[in-house]
Amino acid sequence: MPMKPKKPCKYPGCPNLTDKTYCEIHTDDRPSAAARGYDSRWRKARARFLKASPLCVKCKEEGKLVKATVVDHIVPHRGDRELFWDQSNWQALCKKCHDRKTRSKDQYQEYTY
């Protein structure tokens, strides 16, 4: 029986062919959300936090009233369980502000001296 032809890797600009979505170079080895701590305990804490802080803090600074849908870690926890659960490190954001912050500040680890 003939095999299916390989298809291009979905990573932008990658010319490699693969049987899967991404080639071996661009395979995402990131653990699942539950393995990273976003489990039922987190969902309950998140719901309580959003109930207490229903508005996006970034939009509120600009004078807009927008419903918050995401609990953001101000300082990225990067697996640090203590920082993950520190509520003083949480802020309520709308999805648009969260995505903007994550893309601009949290994507790459910065080194400070």
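Residues numbered from 1 in each chain as written. Predicted model: local features only at pLDDT ≥ 70, side-chain atom pairs only at ≥ 80, totals over all residues. Heavy atoms only, no water.

Examining the overall build of the chain
In step 1: Counting secondary structure elements, the chain contains 4 helices and 4 strands.
In step 2: For the chain, the α and β elements follow one another from N to C terminus as β-β-α-α-β-α-β-α.
In step 3: When the backbone C-alpha atoms are referred to their principal axes, the chain occupies close to 60 × 40 × 30 Å.
In step 4: Of all 113 residues assigned to the chain, the portion counted as buried reaches 25%.
In step 5: Pairs at least 24 residues apart make up 45% of the contacts formed inside the chain by residues separated by at least 6 positions.
In step 6: Counting only carbon and sulfur atoms, one obtains 54% of the accessible surface of the chain, whose full area is about 9,100 Å². (Helix = DSSP H or I, 4+ residues; strand = E, 2+ residues; numbered from the N terminus. Buried < 20%, exposed > 50% of the residue type's maximum accessible area, 1.4 Å probe, protein only. Contact = heavy atoms within 4.5 Å. Areas by Shrake-Rupley, 256 points an atom, 1.4 Å probe, with all protein chains shown as cover.)

Here we look at helix 1 (residues 40–52)
In step 1: Taking 1.5 Å per residue as the helical rise, helix 1 with its 13 residues ought to reach 18 Å, and the 19 Å between its terminal C-alpha atoms agrees with that figure.
In step 2: Listed in full, the buried residues belonging to helix 1 are Trp 42, Ala 45, Phe 49 and Leu 50. Down the axis of helix 1, the buried set is contained in an arc of 130°. They therefore lie on one face. Residues of helix 1 that are exposed and angled more than 90 degrees away from the buried face: Lys 44, Arg 48 and Lys 51.
In step 3: Along its buried surface, helix 1 packs onto strand 3 (70–73), helix 3 (81–85) and strand 4 (90–93). (Expected span 1.5 Å × (residues − 1). Arc of directions from axis to C-beta.)

Digging into the packing of aromatic side chains
In step 1: Under the definition given, this model contains 8 aromatic pairs.
In step 2: Look at Phe 84 and Trp 85: their rings are 5.0 Å apart centre to centre, the planes differ by 75°, and that puts the pair in the edge-to-face class.
In step 3: The rings of Tyr 38, Trp 42, Phe 49, Phe 84, Trp 85 and Trp 90 are connected pair by pair, giving a single aromatic cluster.
In step 4: The lysine or arginine in question, Arg 81, covers the ring of Phe 84, its NZ or CZ lying 4.6 Å from the ring centre. (Phe/Tyr/Trp six-rings, centres within 6.5 Å; stacked < 30°, edge-to-face > 60°. Lys NZ or Arg CZ within 6 Å of the ring centre and 35° of its normal.)

A few points about the environment of Cys 59
In step 1: Along the chain, Cys 59 falls in helix 2 (residues 57–61).
In step 2: Taking relative accessible area as the criterion, Cys 59 reaches 6% and is therefore assigned buried.
In step 3: Sequence-distant contacts of Cys 59, defined by excluding residues within four places in its chain, comprise Lys 64, Val 66, Cys 94 and Cys 97.

With respect to the side chain of His 73
In step 1: Along the polypeptide, His 73 turns up in strand 3.
In step 2: Here the side chain of His 73 touches Phe 84 through a polar contact of 3.0 Å, landing on its backbone oxygen. (Polar contact = N/O pair within 3.5 Å; in protein donor to acceptor, adjacent residues only side chain to side chain.)

So, the pairing of strand 4
In step 1: Residues of strand 4 alternate between two faces, with Trp 90 and Ala 92 on one and Gln 91 and Leu 93 on the opposite face, all of them buried.
In step 2: Direction of pairing for strand 3 relative to strand 4: antiparallel, over a ladder of 4 bridges. From the neighbouring strand, Asp 72 faces strand 4, where its bridge partner is Gln 91. (Pairing = 2+ DSSP bridges.)

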